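# A structural walkthrough
Here is how the chains run, residue by residue.
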Amino acid sequence: MPAHPNVTLQLSPFAEDVLKGLSAPEKFVPSKYFYDDAGSRLFQDIMQMPEYYLTRSEMEILSRQPGGIVSALQFEEPFNIVELGAGDALKTQELLKYLHAQRTHFTYIPIDISEEAMQQLQSKLSSSLPDLRVKPEVGDYFDILKQLNFSGRSNLFLFLGSNIGNYEPDDAKVLLGMLYSYMQPGDKLLIGFDLQKNPAVIKSAYDDASGITRSFNLNLLSRMNRELDADFREDQFDFYSYYNPYNGEVRSMLVSLTGQEVTIGALQKTFRFQANELIRTELSKKYTLSEIENLAQVCGYKVEQHFFDGKRYFTDSLWRKE
């Protein structure tokens, strides 16, 4: 379905990224597009899976060590807590409860691309912490950060849940560099990293027997159908995931089960898929401590402290902008 030669398409960022990804020699769709409302609900289900240790590990850190984290901040009040990709704030709530109980003066600014997730977050916090100062923002992290004024207050930025592991190494450095540019000297970043461990533990977390992760990935096709007028047939694709313990990378992808064509109306373009051709959907990088500390140094941060769960599966690492 070619575009009229005299018509310039006005594409959304999602459409632009899909055009770029599906036109590449090795097709891909950026993993940030997992998290529409349907995808966010599926990810809530993933976090409840017995195989998915990440949420429990980080929850243990934030529920058992909030005093240590707050003590390490050394902030004067009042200050801001700015969370990138807040979701439903299930884990963050443990830190917020501790601060609230200490009568600490702070404002919580959760940012998420899903409006539904932000509505759920507001509902939960208004029930559990009714007098908490919350200023939720819906949209892209950096679009929102451009609009906010942080001067005059210290800021703790949160980037939890091992979200940094979804970025290719160079992209992770770019993201952390951009965040650094919005921070003031003395501001801090609490960032979650999933650590390298027994490969079997990691593999089962990303390829569950119940098929929730498969549905989470296939929802990308459904989202393109809904939002970009595409005609993907989900039953003509499958899900595959593998873990490489030598470089710490989990790679997830969709597999075309047959030779087929898919038309995306919003792009006025048809894409051809060969049988067994792949669409890369997600990288989930697992780090060593030396890799974490090197990443911080390269991006200009100073590592202040690592907070571990009991099994040392996970760390929330506290960094400072000098």
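Here goes a summary of the coordinates provided. (Residues numbered from 1 in each chain as written. Predicted model: local features only at pLDDT ≥ 70, side-chain atom pairs only at ≥ 80, totals over all residues. Heavy atoms only, no water.)

## Remarks on the overall build of the protein
So the rule is basically this: Strands here are runs of E lasting at least two residues and helices are runs of H or I lasting at least four, both read from the DSSP assignment and numbered beginning at the N terminus. Working definition: with a 1.4 Å probe on protein chains only, accessible area under 20% of the residue-type maximum means buried, over 50% means exposed, and in between means partly exposed. Note on definitions: a residue-residue contact is assigned when non-hydrogen atoms from the two residues lie within 4.5 Å. Positive: Lys, Arg. Negative: Asp, Glu. His and the chain ends are not part of the count. Note that the charge is assigned to NZ on lysines, CZ on arginines, CG on aspartates and CD on glutamates.
Looking only at helices and strands, one finds 11 helices and 12 strands in the protein. Every one of the 322 residues in the protein was classed for burial, and the buried ones make up 51%. Partitioning the intrachain contacts of the protein with sequence separation of at least 6 by distance along the chain shows that 73% fall at a separation of at least 24. Looking at the protein, you have 33 positive and 44 negative side-chain charges, and the mean spots of the two groups are 3 Å apart.

## Examining the environment of Ser181
Along the chain, Ser181 turns up in helix H8 (residues 169–182). Between the alpha carbons of Ser181 and Lys27 there is a distance of 32 Å; along the sequence they are 154 residues apart.

## Points about the sheet that holds strand S2 (residues 106–112)
The cut-off we apply is this: Paired strands are those between which DSSP finds at least two bridges. Axes, fitted as lines to C-alpha atoms, cover a helix only where it is in contact. Angles between the N-to-C directions of the axes lie from 0 to 180 degrees.
Spatial strand order, S3-S2-S1-S4-S5-S12-S11: 7 strands in an open sheet with mixed pairing. Two strands bound the open sheet, and with one partner strand each, they are strand S3 (137–138) and strand S11 (301–308). Pairing of S11 with strand S12 (residues 314–321) involves 7 bridges; the strand directions are antiparallel. Residue pairing for S12: Tyr301 is matched across the bridge by Lys321. Its contacts with the sheet put helix H4 (residues 66–73) on strand S4 (154–159), strand S5 (188–194), S11 and S12, and the angle it makes with S11 is roughly 165 degrees.

## Considerations on helix H1 (residues 13–23)
Because each turn of an α-helix spans 3.6 residues, side chains separated by three or four positions end up pointing in the same direction. Heads up, the rule is: Throughout, the arc means the angular range of directions from the helix axis out to the C-beta atoms.
Within the sequence span of H1, burial applies to Phe14, Ala15, Val18, Gly21 and Leu22. One side of H1 holds all its buried residues, which, seen down the axis, span an arc of 135 degrees. Relative to its buried face, H1 has exposed residues pointing more than 90 degrees away, namely Pro13 and Lys20. Tucked inside the fold, the buried residues of H1 contact helix H10 (212–228), strand S8 (260–264), strand S9 (269–273) and strand S10 (278–285).

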